[in-house]
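Structure assessment
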Amino acid sequence: MELPNKYDPSLTEDKWYAYWIKNKFFHSEPDGREPYTIVIPPPNVTGVLHMGHMMNNTLQDLLTRRARMMGKNALWVPGTDHASIATEAKVVNRLSSQGIRKRDLTREQFLEHAWAWTEEHGGIILKQLRRLGASCDWDRTAFTMDETRSESVLKVFVDLYRKGLIYRGLRMVNWDPKAQTVLSTEEVVYRDEKSKLYYLRYYVADAGSNPVKPTGEEGEVLHRDENGRYYAVVATTRPETIMGDTAMCINPKDPKNRWLSGHKVTVPLVGRTIPVIEDRYVDVEFGTGCLKVTPAHDVNDYALGKTHNLETIDIFNPDGTLSEAAGLYVGMDRMDVRKRIAKDLENSGLMEKVEDYENKVGYSERNPDTAVEPRLCKQWFLSMKHFADIALPPVLEGKIKFHPAKYVNIYRTWLENIQDWCISRQLWWGHRIPAYFLPVEEGREEVFVVALTPQEALEEARRQKGFENVKLEDLRRDEDALDTWFSSWLWPVSLFNGINDPGNREIEYYYPTCDLVTAPDIIFFWVARMIMAGEEYMKDVPFRNVYFTGIVRDKLGRKMSKQLGNSPDPIGLIEKYGADGVRLGIMLCTSAGNDILFDEAQVELGRNFSNKIWNAFRLVQGWTVEEKPQGEADRIAVEWFRSEFNRTLEQVNEDFSRFRINDAVMAIYKLFWDDFCAWYLEIVKPGFADGRQIPMDKATYEATVSFFDSLLKLLHPVMPFITEELWQNLEPRKDGETIMLERIPDVEKYDEKLISDFALATEAIASVRALRQQKNISPKEPLRLQVRKDGYPQNMSSVISKMANVSSIDVVDEVDTSVAGQSFLVGTVQFFIPLEGMIDVEEERTKILAEIQRYEGFLRGVEAKLSNERFVANAPAQVVELERKKQSDATSKIASLKERLETLK
RNA sequence: GAGGCUUUAGCUCAGCUGGUUUAGAGCGCUUGCUUGACAGGCAAGAGGUCAGCAGUUCAAAUCUGCUAAGCCUCACCA
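Just so we're clear, the structure is a prediction, and the values are computed from it rather than from any experiment.

**What to know about the overall build of chain A**
- Along its length, chain A carries 28 helices and 33 strands.
- Its C-alpha radius of gyration of 38 Å places chain A more than 25% over the 29 Å reference for a compact globule of 905 residues.
- Seen through its C-alpha atoms, chain A measures out along the principal axes to roughly 120 × 75 × 55 Å.
- Here the analysis covers contacts within chain A between residues at least 6 apart in sequence; of these, 78% occur between residues at least 24 apart.
- About 41,400 Å² of surface is accessible on chain A, with carbon and sulfur atoms providing 49% of the total.

Given below as structure tokens:
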């Protein structure tokens, strides 16, 4: 078969993927083998593939394929996430572009649009994963809102409610005014922001009752205006909230504000009179030491309001505009009000000054332009104390291993300071909370029941006192949906239907899963909560290893973003470099927990490597065989490569077991390119005679094919397509055979002496080649070589002869340096090449002198150690012995170099 | 503000339990290579005060402390 000299991935990738699918090689069913399970971190159902996914999913595929080729029953379960906030936002946007407002639709109408959108865009990302070669069991593709998963979510909600772990409560929560829903504390991201600190005058309202004068002359001036009226000054970053002020607070230990104690002040512009309260919460040093208290719009103020029994005035509408309760600026957005009120305060002489100020402002994780508002409302919460208690031990005790381990601390800190999880969202796209409110009179406290179905809810309701005759249509189901993560946290369990059908064959077999590959930014959102759910519902961990990837950045270290345009299109890369090339390139630069700086040169390297493999195959494929004895160099090469392969295999296994994926992949890369191609194949490659390739002996040929076979297997998990293509052509295969289901060889014993002897030979060869280059001697001109027999592995002569084009190697007691020539050392072995008339004596002397200097310096260091009595007395015997060996080696090297110098005179 | 991590060749990173020939890899760079696998290649090279300072030790890139720069996580200071 005539093969082109360039590998063309487009001719193989789709073909083999279709073959794998047709033969159901990705499909897994429970059986007697050891299971290996990975569940995909479900991407947003309407998302598209980005570089982060590429890395993450290549890793998962690599691990899955490798496990499969180690004889395990490997299963990688794919699926998508309904991503309630993100998807709902997209649907709302699309509707608004069609002139439809969400609030004009019923819930059912809106959900129809949302499902249509999901069907339209859903699953694109899963199709893209196929291009990458992902060996997911597509028959098991799941969705967080499909029937099984939805049922699981509702069951868990009901169960946790009955266990008393879910409660409904009035709390200060984080409100996203754009999405118009609450968020959990984890969904708020804080950003440093340059803002202003406004100093506002709050006049003392009961001046008639002779307030205690501010102490000190300075105070007199500061706190009294030209009309003699006293005032306090409050520093705030949020002047737009003054309409909600219900107190001013000072620290009781603050002498400079003592005079305000017990008085009342007037809120500027608003004119409302509010009390001055005292609380040690107030920082005396900050601003003026006077704090305005707005219980409805600040977490701390809310706490103050509770302890001091203050009125709460909510001045915002859900969309962030000012409500009727504000009295002023009604209907304006809060951010506009801030600018406007600053001017108005200024004009009314109520603004003392404005300072630049840097503070942290919380933004919505999903709507990064929207500042989150603290807001008081009634929501559903999951009590976390219990879950923290069950989720911490498995990680601390090492039942679950984090790679890298540094995340254990982060995990621990979070769990030890955990807050209750707000799980309700004011969204429609999601799992609707299975709570039903019963009809009560206006103003009475709400009464509700929690049940899986309306029918069960009705039965439950009728057991409530006073509701014995309630009817189904009287029940009003809670409008809210659940936080998306409230379904994702069940993923490793719900994928195997472990909630709805506990103890079923699949959950028993596949759970716990083995490895989880995910990004560290969802450690709290997802990883921690899966551990909680796993422990709660399976009484066991959901996975044994968590591999945290880094963030994919561009080569300048910037995050990839649409705005910067620095995010390559993954499918474009696959088309340009081949999926195998992209996979290899990315795998070479990942390491657990470290960000990767992506450079297209990386995948170019991967493409080049594909080509290297391809051409190595072309070489081997073109060989002919005849009956003849195996040559000596060939025999050594075969034995050596067998050892080298096993040594590397051992290293690769070790690297994989420690999740040092890039090291493992690099080791395989070097094994193939450097050891197999550059050394092994070059040694056994037959020459040409009379314009025809010399046939090769059977033993060498068969060894080579078997090495190629092993190498392809080792490479397959990283580069599935090209390895399948070549494996299929390496020997005749039957339909239905695949490299995917072959076994990666086990490590066999190897000969370390042979490996080190061969290393010496390669160094000697490199030295001869270097010499040729320096002296301008053609590689084709044969040279003769002398070698001093001490420490020289004579079995390497045939290899050296062939690779360095040396016509004869004389192994001698002492090299004959009486003729002109060049000597060199490999380790302690001395080589000499006679080169009559080919060397420049002066240049040679300079070089040898430099060499002597280097060794003398080294020797001085060694001797300094050895002459140090404390070293000889304290260091372990073998370390001292080693130093002695270094000393004698260096001494003999120097001696031989000096001798050589003599002969050059 | 509290904890944690990082700093080794031009770039990205190894260097694991202090000791193995006075530091390794990949990429990049330099030089030389056109007939038999591959220029997406082959061969040979250059390149380092291991961030700085002080300490512990017979011995430090490796352990400790301080300093500097960068990054991450958490935290209610208006």
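**A few points about the nonpolar core**
- Ranked by size, the top nonpolar core spans 191 residues in total, and within it L382, F402, F486, W489 and Y680 carry the most contacts.
- No other element matches helix α21 (residues 661–684), which puts 15 residues into this core.
- Each residue touching F402, except ones within four places of it in the same chain, is listed here: V395, Y407, V408, Y411, I523, V527, I531, V546 and F548.
- M243, I315, A342 and M351 belong to the second largest nonpolar core, which has 36 residues in total.

**A word on the protein's contact with RNA strand B**
- Among the 56 residues in the neighbourhood of RNA strand B, the closest are listed as D283, F286, N615, F688 and F871.
- Of all RNA strand B atoms lying within 4 Å of any protein atom, the proportion belonging to sugar or phosphate reaches 52%.
- Side-chain polar atom of N868 to a sugar or linking oxygen of RNA strand B: 3.0 Å apart, as the coordinates give it.
- Taken together, the elements giving at least two residues each to the surface near RNA strand B come down to β8 (231–236), β13 (351–364), α19 (600–621), α21, α24 (752–775), α26 (841–867), α27 (869–874) and α28 (877–903).
- The leading source of residues in the surface near RNA strand B is α19, at nine residues.
- Broken down by class, the residue content of the surface near RNA strand B amounts to 26 nonpolar, 13 polar and 17 charged.

**Comments concerning the sheet that holds strand β5 (residues 166–176)**
- Spatially, β6-β5-β14-β16 is the arrangement adopted by the four strands of the open sheet, whose pairing is antiparallel. Both outer strands of the open sheet, β6 (181–183) and β16 (421–422), are each paired with one neighbouring strand and no more.
- Pairing of β5 with strand β14 (residues 373–382), which is carried by 10 bridges, proceeds in the antiparallel orientation. Counted as the bridge partner of V173 is R375 from β14.

**Some thoughts on the packing of helix α18 (residues 579–588) against α19**
- It is at 7 Å that the axes of α18 and α19 come closest, and there the two elements cross at 125 degrees. With respect to each other, α18 and α19 are oriented oblique. For α18 against α19, the interelement crossing comes out right-handed. Of α19, the residues touching α18 (which contributes D580, G581, V582, L584, G585 and L588) are Q602, V603, L605, G606, R607, F609 and S610.
- Tallied by class, the residues present in the contact of α18 with α19 amount to six nonpolar, five polar and two charged.

**Examining the side chain of Q379**
- With respect to the helices and strands, Q379 occurs in strand β14.
- Separated by 2.9 Å, the side chains of Q379 and Q426 make a polar contact.
- Ignoring sequence-local partners within four residues, the contact set of Q379 consists of Y167, R168, G169, V173, V182, C422, S424, Q426 and D480.

**A word on the packing of aromatic side chains**
- Following the criterion strictly, the structure yields 51 aromatic pairs and no others.
- Arranged with centres 5.4 Å apart and planes meeting at 90 degrees, the rings of W421 and W489 form a pair that is edge-to-face. Taken together, the residues W421 in strand β16 and W489 in the loop between α13 (485–488) and α14 (491–494) connect sequence positions 68 residues apart. For the pair W421 and W489, one class covers both residues: buried.

**Thoughts on the pattern of salt bridges**
- What the rule picks out here adds up to 65 salt bridges.
- Here E632 makes a salt bridge to R635, at a shortest N to O gap of 3.2 Å. Taken together, the positions of E632 and R635, both in helix α20 (residues 632–657) and three residues apart, correspond to about one turn of that helix.
- Take E632: its relative accessible area is 36%, and that puts it in the partly exposed class.
- Judged by relative accessible area, which is 32%, R635 ranks as partly exposed.
- With a shortest N-O distance of 3.5 Å, E856 and K898 are connected by a salt bridge. Of this pair, E856 sits in helix α26 while K898 sits in helix α28, placing them 42 residues apart in sequence.

**Topic: the pairing of strand β9 (residues 247–250)**
- Neither face of β9 is exposed, since A247 and C249 on one face and M248 and I250 on the opposite face are all buried.
- Relative to strand β12 (residues 290–293), β9 is paired through four bridges, and the arrangement is antiparallel. Residue pairing for β12: A247 is matched across the bridge by V293.
- When β9 meets strand β11 (residues 273–278), the two strands line up parallel, connected through three bridges. Within β11, the residue paired with M248 across the bridge is V276.

**Focus on helix α8 (residues 299–307)**
- Within α8, the full set of buried residues consists of D301, Y302, L304 and G305. All buried residues of α8 project into a common sector of 160 degrees when viewed along the axis, lining one side. In this structure, α8 carries K306 and T307 as exposed residues pointing more than 90 degrees from its buried face.
- The inward-facing, buried residues of α8 abut β5, β9, β12 and β14.
- Positive backbone phi, at 55 degrees, marks N309, one or two positions downstream of α8.

What counts and how
- Along each chain, residues carry numbers from 1 onward, in the same order as the chain's sequence is written.
- The naming scheme follows written order: chains are lettered A onward, ligands numbered 1 onward.
- Predicted model: local features are reported for residues with pLDDT of at least 70 only, side-chain atom pairs are reported and counted for 80 or more only, and whole-chain, interface and lining totals are derived from all residues.
- To obtain the side-chain values, all non-hydrogen atoms of the structure were included, while hydrogens and water were left out.
- Strands here are runs of E lasting at least two residues and helices are runs of H or I lasting at least four, both read from the DSSP assignment and numbered beginning at the N terminus.
- The globule rule is 2.2 Å times the number of residues to the power 0.38, and the radius of gyration it is compared with is taken over C-alpha atoms.
- Throughout, a contact is declared for two residues whenever any of their heavy atoms are within 4.5 Å.
- With residues, only the protein chains shown are counted as cover, and all accessible areas are computed by Shrake-Rupley using a 1.4 Å probe.
- In these notes, a set of buried Ala, Val, Leu, Ile, Met, Phe, Trp, Tyr and Cys residues joined through side-chain atoms within 4.5 Å is what counts as a nonpolar core.
- Only protein chains enter the accessibility calculation, which uses a 1.4 Å probe; a residue whose area is less than 20% of its type maximum is buried, one above 50% is exposed, and one in between is partly exposed.
- The near set for a molecule or strand comprises every residue that places at least one heavy atom within 4 Å of it.
- Counting of polar contacts relies on pairs of N or O atoms within 3.5 Å, with two restrictions inside protein: one atom must be capable of donating a hydrogen and the other of accepting it, and residues adjacent in sequence are counted only when both atoms are side-chain atoms.
- Amino acids are sorted into nonpolar (Ala, Val, Leu, Ile, Met, Phe, Trp, Tyr, Cys and Pro), charged (Asp, Glu, Lys and Arg) and polar (every other residue, Gly among them).
- Strands pair, by our definition, only if DSSP identifies at least two bridges between them.
- All axes are obtained by fitting lines to C-alpha atoms, using only the stretch in contact for helices, and the reported angles, taken between N-to-C directions, cover 0 to 180 degrees.
- Roughly parallel refers to an angle under 35 degrees, roughly antiparallel to one over 145, roughly perpendicular to one between 65 and 115, and oblique to any angle outside these ranges.
- Should the near helix be turned anticlockwise from the far one by less than a right angle, the crossing is left-handed, and should it be turned clockwise, the crossing is right-handed.
- Centres within 6.5 Å are what make two rings of Phe, Tyr or Trp a pair, Trp counting through its six-membered ring; a difference in plane orientation under 30 degrees is then read as stacked, over 60 as edge-to-face, and the rest as tilted.
- Put simply, a salt bridge is a Lys or Arg side-chain nitrogen that is within 4 Å of an Asp or Glu carboxyl oxygen.
- Starting at the helix axis, one direction is taken to each C-beta atom, and the arc is that of these directions.

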